[in-house]
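Tertiary structure, described
Now for the letters of each chain:
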Amino acid sequence: MAALAVLALLLGGCGATGSGATEAPDGAGAAATPSPTPAEEPAEQPAAGHSGHAAAADDDTPPRPLRAGERRVGLRMPADYTPSAPYGRGTDDYRCFLLDPRLASDQAITGFDVRPGNPDVVHHVILFRVPTEQVDAAEERDDATAGQGWTCFGDTGLGGGPGAGLDDAPWLGAWAPGGREQVHPRGLGVELDRGSRIVMQVHYNLVDGAEPDRSAVDLRLAPRTPATTLLHTRLLPAPVELPCRPGRDDAALCERAAAVADVKERFGEGPGSTADLLHLLCGEVRPGPVQTCDRPVTQPETVRGVAGHMHLLGRQVRIEVNPGTPRARTLLDVPVWNFDDQGSRAVRPTRLVPGDTVRVTCRHTQRLRDQLPAFEGVPERYVVWGEGSTDEMCLGILQVTRP
């Protein structure tokens, strides 16, 4: 159990998608329906677009009008920040910036619009809740670190706080390529208490070099009342265990132990241990292109939005309920993964009860190394869960309401 608690913290900043169900007319949204088993070799993705930045660069959609009782609060990094690999190796920087929404009363976040300042370097953004009891520690961490913010591979580094964990992650919202403004359905919101703060965690991808960034977010806020139904984020990680291809497996990092040691060197012992901790969460893992993880439902909840997250070697991602039974339903099925289209999907409200099982399944392939510019000149390696853009992840995300 202690190891799983550590895993919950490590996954706090695991590279997220645009979290939050966009409002749709009553009854709208994708139905949760069964779908066939993934094909062995779906069509390859075109290499031209799979950059991680195109979607953000092209997004000029105006914000949706405010609804009755809502107001918009804009938060922005205090100044430009130029990322760099903090441990001297790798092509990634995770930086946490402390923001103050200056709330005089308890509020509900009814929507948000993350605006990456420089899409050429921003890989993802996650907004974390900093409850009032953690504010002093957050301010001390910020003050003690030179420059803006602090290094934060894995999570914010502040500790989980109330509600932290895989089943109730302290997320307020997130953005990844393909994400757009998120507006929650009427009556739903994410809690943000008076006096609390927000950490904006930005994952910078330095494959094409380091450039300054000043990202921002616009929050839609409304007073929290007894009638507000609160949204919670549930994380569904699965392992990644992708061996090198035959004939290319003589590279230095084609041994799993060497690959894990390399991840730890680039991101630290804690975040680098996620690959091993996922074996405790998900049970026996056999190396190969497809990995799954089953998680039990322990309390009644209703799924409102779903998303998946992988990196550049991802091919397919699926989230299912009770797979292989007469009660099977599919919440998310992305047969051809596109890194530039990671926005969350609204689903018709889907009730889950104790005794149900939720499964996330991901497929990865080493063959995309031969197509994508990000891997040019990068030797093949045994791929495990890692924080970097050229590492990999397998993550399902559910946004749920609970009685």
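Here, every reference points to the structure presented above.
Presented here is a report on the structure given in the accompanying data block.

Considering the sheet that holds strand E5 (residues 150-151)
A sheet is described by the order of its strands in space; here five strands give the open sequence E5-E2-E9-E4-E6, paired in antiparallel fashion. The outermost strands of the open sheet, each flanked by one partner alone, are E5 and strand E6 (171-175). Note: strand E4 (residues 122-130) against E6, four bridges, orientation antiparallel. Bridge pairing in E6 links Leu-127 to Gly-173.

A closer look at the pattern of salt bridges
On inspection of all chains with the given rule, the structure shows 30 salt bridges. With a closest N to O distance of 3.0 Å, Arg-402 and Glu-301 form a salt bridge. Taken together, the residues Arg-402 in the segment after strand E20 (395-401) and Glu-301 in strand E14 (residues 301-309) connect sequence positions 101 residues apart. Accessibility classification places Arg-402 together with Glu-301 in one group, the buried group. Beyond isolated ion pairs, a larger network of salt bridges with shared partners links Arg-89, Asp-262, Glu-265, Arg-266, Arg-381 and Asp-391.

Observations regarding the state of the cysteines
Considering all chains together, one arrives at four disulfides under this definition. Here Cys-244 engages in a disulfide with Cys-254; their sulfurs sit 2.1 Å apart. Taking the torsion about the sulfur-sulfur bond, which here is approximately -95°, the covalent link between Cys-244 and Cys-254 counts as left-handed. In this pair, Cys-244 sits in the loop between strand E12 (241-242) and helix H4 (256-267) while Cys-254 sits in the loop between E12 and H4, placing the two residues 10 residues apart along the sequence. At a sulfur-sulfur separation of 2.1 Å, the disulfide partner of Cys-282 is Cys-293. What sets the handedness of the Cys-282 and Cys-293 disulfide is the S-S torsion sign, and at about -95° it is left-handed. One end of the pair, Cys-282, is in helix H6 (residues 274-282); the other, Cys-293, is in strand E13 (residues 290-296), with 11 residues separating them in the sequence. For the pair Cys-282 and Cys-293, one class covers both residues: buried.

A closer look at H4
Compared with an ideal rise of 1.5 Å per residue, which puts 12 residues at 16 Å, H4 spans 17 Å between its outermost C-alpha atoms and is within 8% of the ideal. Taken together, the buried positions of H4 are occupied by Ala-259, Val-260, Asp-262, Val-263, Arg-266 and Phe-267. Buried residues of H4, viewed axially, fall in a sector of 155°; they line one side. Buried residues belonging to H4 abut strand E2 (92-99), helix H5 (269-272), H6 and strand E19 (383-384). Looking one or two residues beyond H4, the residue adopting positive phi is Gly-268, at roughly 100°.

Some thoughts on H6
Within H6 the residues assigned to the buried category are Thr-274, Ala-275, Leu-277, Leu-278, Leu-281 and Cys-282. Considered in projection along H6, the buried side chains sweep an arc of 155° and stay on one side of the axis. Gly-283 lies just past H6 and shows a positive phi near 85°.

Quick word on the packing of aromatic side chains
On inspection of all chains with the given rule, the structure shows five aromatic pairs. Centroid distance Tyr-87 to Phe-153: 5.9 Å. Interplanar angle 40°. Geometry classified as tilted. Here Phe-153 lies in the loop between E5 and E6 and Tyr-87 lies in the loop between strand E1 (71-76) and E2, a separation of 66 residues in the sequence. Tyr-87 gets classed as partly exposed once you look at its relative accessible area, which sits at 46%. Each ring, one from Tyr-94 and one from Phe-153, has its centre 5.1 Å from the other, and the planes form 45°; the classification is tilted. Here the residue Tyr-94 occupies a position in strand E2, and Phe-153 occupies one in the loop between E5 and E6, the gap between them amounting to 59 residues.

The rules we used
Throughout, residues of each chain are indexed from 1 in the direction in which the sequence is written. Confidence filtering applies because this is a predicted model: local features only for residues at pLDDT of at least 70, side-chain atom pairs given and counted only at 80 or more, and all residues used for totals across whole chains, interfaces and linings. The side-chain numbers reported here are obtained from all heavy atoms of the structure, hydrogens and water having been left aside. Any two strands with at least two DSSP-identified bridges between them are counted as paired. Numbering of helices and strands runs from the N terminus; a helix is a DSSP stretch of H or I covering at least four residues, while a strand is a stretch of E covering at least two. Any carboxyl oxygen of Asp or Glu within 4 Å of a side-chain nitrogen of Lys or Arg constitutes a salt bridge here. Type-normalised accessible area, obtained with a 1.4 Å probe on protein chains alone, sets the label of each residue: buried when under 20%, exposed when over 50%, and partly exposed for intermediate values. Sulfur atoms of two cysteines make up a disulfide when they are within 2.5 Å. Given the number of residues in a helix, its expected span is that number minus one, multiplied by 1.5 Å. In this description, one arc is meant: the one made by directions from the helix axis to the C-beta atoms. What makes two residues a contact is simply this: any of their non-hydrogen atoms within 4.5 Å. For Phe, Tyr and Trp, where Trp contributes only its six-membered ring, two rings pair if their centres lie within 6.5 Å, and the inter-plane angle classes them as stacked under 30 degrees, edge-to-face over 60, or tilted in between.

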